[in-house]
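What follows is the residue order along each chain.
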Amino acid sequence: MPAGVRARLCLMKYLKTTILLITAAFFLSSARAQTVSDTGKPVTGDAELSGKVLDEQQKDFPFSTVSLLSVKDSALVKGTLSAENGSFTFSGLKPGSYLVSVYVVGYKKLLKGPFTLTAGNKKHIGTLQMLVEAQQLKGVEVVKKKPLIERQIDKTVVNVEKSALAAGNSALEILARAPGVTVDKDGKISLRGKQGVNIMLDGKPAYLSAEQLANLLRSTEGNAVQSIELITNPSAKYDAAGNSGIINIKLKKNRSYGTNGSVLAGGGYGAYYKFNGGLSLNHRQKKFNVFGNLDYGENKRFGGTDIERVNGTATDPTYFDQTNFSRRMRKNGNYKAGIDYFISDKHTLGFTANGYNSHGHTDSKVLTLIGSAPGRRDSSVVASNPNGYRYTGNSFNMNYKGTLDTLGQEISADAEYADHVGREDNNFNNQYLDVTGQQLKPPYLFRNLAKTTTRIRAAKIDYVYPLQKDMKMEAGLKTSFVKTNNDFYFENFDNGNWINDLRRSNQFLYDESINAAYINVNRKFGKTSVQLGLRAEQTNSKGNSVTEQKVADRHYLNLFPSVFLNQELGKKHEMGFSYSRRVDRPNYESLNPFIYYLDLYSYRFGNPFLKPQYTNSFELSYSFKKELHMSVGYSHTTDVMSDVLLTDTATKTIFISNQNLATQDSYNLNVNYPLQITSWWNSSNNLNTYYNKFSTPDLLGTPYKSGKLAASFNTTHTFTFKHDLGAELSGWYNSRQVYGTLLIDPQYSIDLGLSKGLMNKQLNIKLAANDIFKLQKSRIRSALPSQNYLIKERWESRVFRMTLTYRFGSNEIKAARERSGSADAEGRRVKSGG
């Protein structure tokens, strides 16, 4: 056997062994990591069997399922997918007789052999031609099977449809298992260690807060998900906003003629009961497609925050020991409705409406012990802080798509209007007590009222023109207009009356317009694919703090180039390179300079002079047999927007402010390896290591640098048994890391799930346990030597859930039309939940 082949085999065996050992240690159990056949015997020897699969037209048939069987008992020895040119190879075989089986949905199953191999024998069995199944369901399109993880020139695609992930899981659970993706306790999503990732549904933003988006995805069954696109370096076609990348969740709900839909109902219990439900409907005729979904959820939960800090000077320190316990009740409702009118086979006109209503309340009890030495209490503050919120929003989109000729010339246009309204009422009732628990001074009562309105108008047009057979050009224009109005009222309770404090009240107005144009050119040279793009965005913004008479007026033009290269190095190897420049603009709330109190000694405020941050990202990727995927990335960010947590020695308070740090350098290495351990046991494993380095020449009057090597690992194991019974075991671990001025301790969790399909899989029952061992917690310290604090958070992380999903209706599948809105980037910067 050639040394190169032997080296690759050793590498794959080593990777499999390493993953199994890591997983076993993570789940505190022992496992034997060895490449085995389904008969339980080690695969040894150096014989090799190869061939090529062709379709009914004698063309290369990629991604077909090829199995190697033992002649003796037809037991599965090995399995693989044919490469893009239809070829397949089974290496490392011991002498014996084998059968080769090929299976693709919609084609007759093919069985060839027997083939007898001797030691050192390398046999090529020629071509295997597939034939279309004689009896097909009317209207069903045959789709060649794709690998679970597929790398394309500008993105990584998780092909959820018909995979083990789809059965019994919600869209949120599937997303949390995607390579490099993490979802925290509040539903906030990170991609490869970077926060602020942009989430899209069918190429369109959801206009929801993290919690609302989590509720929507939790109410969306996994069988409705077609694929998840992970775009770490978006091309010039996308809005330049967002350095963390884009996650696009593509759904299948509008693909069938006739009427179809699903009903979902779920309940859960941790410390309190939870409920969520959803209804999805779709009706398609020759000329019309009408679709819609409605989701609702209620979630009562608890949260606790303990803060230990030292404030003051070295000669006059004050020690604070604060305990905060909160009960939160949240109710969310989301809707989506739309219609597509098929003017002809080549022209479609569509309209969609999206909306949400989120409201809830929180009852917080806060005890703050104050002393001049550790463990010594000189006085205390006991607070009861009830608050409530309501956020509503609606967006309307009109869209058109047309195919202009048979060569692939296309044009599409979108116009969008969105309106968001929010209100928060926060009350703070503080009692001052001495060391004996007696009243020290009169109570201090105050309250905040914050009202926000945001209106967005946007329009865009995109054009695709094929220049020649293997070359096409994409170009487009976009314009958007945003207006926000933030009113903040601060009132003190004095002599039985609420008095407005004009010094602490404020009105903040913000107007913004962005005009953009882009061009992309795609060209394929044999096994080499190239995509070059350039996007220009001209921004006009004006922030006006009416009360404080502070105005920030900005006008700037930026260019955002992008480059993508992909090279096939052979049947099994593929490499890629990408580069893009991105921008992150401040969200509208972070620009508002008003002081927002969390309690008497904790508050945050915005920064009207906060500047956008710019990121240049580079990535080099490699894949082996479309199974093992590796990437190395580097990004450099200037004017980094960061939440800075500091203490005020004069007022003895702790506060959060948005500031621009000078630079951030991020390095990352990502490895993803889906592994089929047996015919009924599959695993997906992802390791992401990264180093984020922050630096600024002036923070609190001195230079500041921080950085730490960190890693995250997640593994998901799915078990498929007879009678439509399945199980799932998953876990994740995030090591200690530094983000800006915060030092965050490790976090980890283990989840379990069990699913059962009934009524020919139309009804699915899923039992799940999140953080079954109650491992999740958060501990945050300051990375600044001059700041001394420890923040400990706890929450209702262990929750047991039961979900029932029933699917009904027609299955005559037709192609779906993806909708991409024109106000994507603007809507993501709106706060839409508490």
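Since the structure is predicted, the reported quantities are computational estimates derived from the model, not experimental observations.

Thresholds, definitions, all that
- Residues numbered from 1 in each chain as written.
- Predicted model: local features only at pLDDT ≥ 70, side-chain atom pairs only at ≥ 80, totals over all residues.
- Heavy atoms only, no water.
- Helix = DSSP H or I, 4+ residues; strand = E, 2+ residues; numbered from the N terminus.
- Pairing = 2+ DSSP bridges.
- Axes fitted to C-alpha atoms, helices over the stretch in contact; angles between N-to-C directions.
- Buried < 20%, exposed > 50% of the residue type's maximum accessible area, 1.4 Å probe, protein only.
- Phe/Tyr/Trp six-rings, centres within 6.5 Å; stacked < 30°, edge-to-face > 60°.
- Lys NZ or Arg CZ within 6 Å of the ring centre and 35° of its normal.

A. Examining the environment of Thr678 more closely. Among the structural elements, Thr678 can be located in strand β34 (residues 653–678). C-alpha separation for the pair Thr678 and Leu76, spaced 602 residues apart in sequence, amounts to 9.5 Å.

B. Local environment of the sheet that holds strand β1 (residues 47–54). One open sheet holds the three strands; their spatial order is β4-β1-β7, and the pairing between them is mixed. Each edge of the sheet is formed by a strand with only one pairing partner; in this case those strands are β4 (87–93) and β7 (122–129). Taking the axes of each pair of neighbouring strands and ignoring which way they run, one obtains an average angle of 15 degrees across the sheet. Judged from the five bridges that link them, β1 and β4 form a sheet pairing that is antiparallel. Looking at β4, one finds that Gly51 is bridged to Phe88.

C. Representation of unusual backbone geometry. For the bond running from Gly113 to Pro114, omega is 5 degrees, close enough to zero to count as cis. Within the element layout of this structure, Pro114 appears in strand β6 (residues 110–117). A positive phi angle, near 55 degrees, is found at Asn495, a position not held by glycine. Position of Asn495 relative to the elements: it lies in the loop between β24 (471–494) and β25 (497–500). The class of Asn495 is exposed, set by a relative accessible area of 73%. Here the phi dihedral of Asp724 falls at roughly 55 degrees; this positive angle occurs in a residue that is not glycine. Inspection of the secondary structure puts Asp724 in the loop between β36 (702–720) and β37 (725–734).

D. Representation of the packing of aromatic side chains within the structure. A full pass over the atoms with the stated rule returns 25 aromatic pairs. Look at Tyr463 and Tyr465: their rings are 6.2 Å apart centre to centre, the planes differ by 20 degrees, and that puts the pair in the stacked class. Tyr463 gets classed as partly exposed once you look at its relative accessible area, which sits at 23%. Where Tyr806 meets Phe808, the ring centres are 6.2 Å apart and the plane angle is 25 degrees; that geometry is what we call stacked. Site record: aromatic cluster; members linked through ring pairs are Tyr579, Phe618, Tyr634, Tyr667 and Tyr691. The aromatic ring of Phe320 is capped on one face by Arg309, whose charged end is 4.0 Å from the ring centroid. Taking NZ or CZ as reference, Lys441 lies 4.3 Å from the ring centre of Tyr432, over its face.

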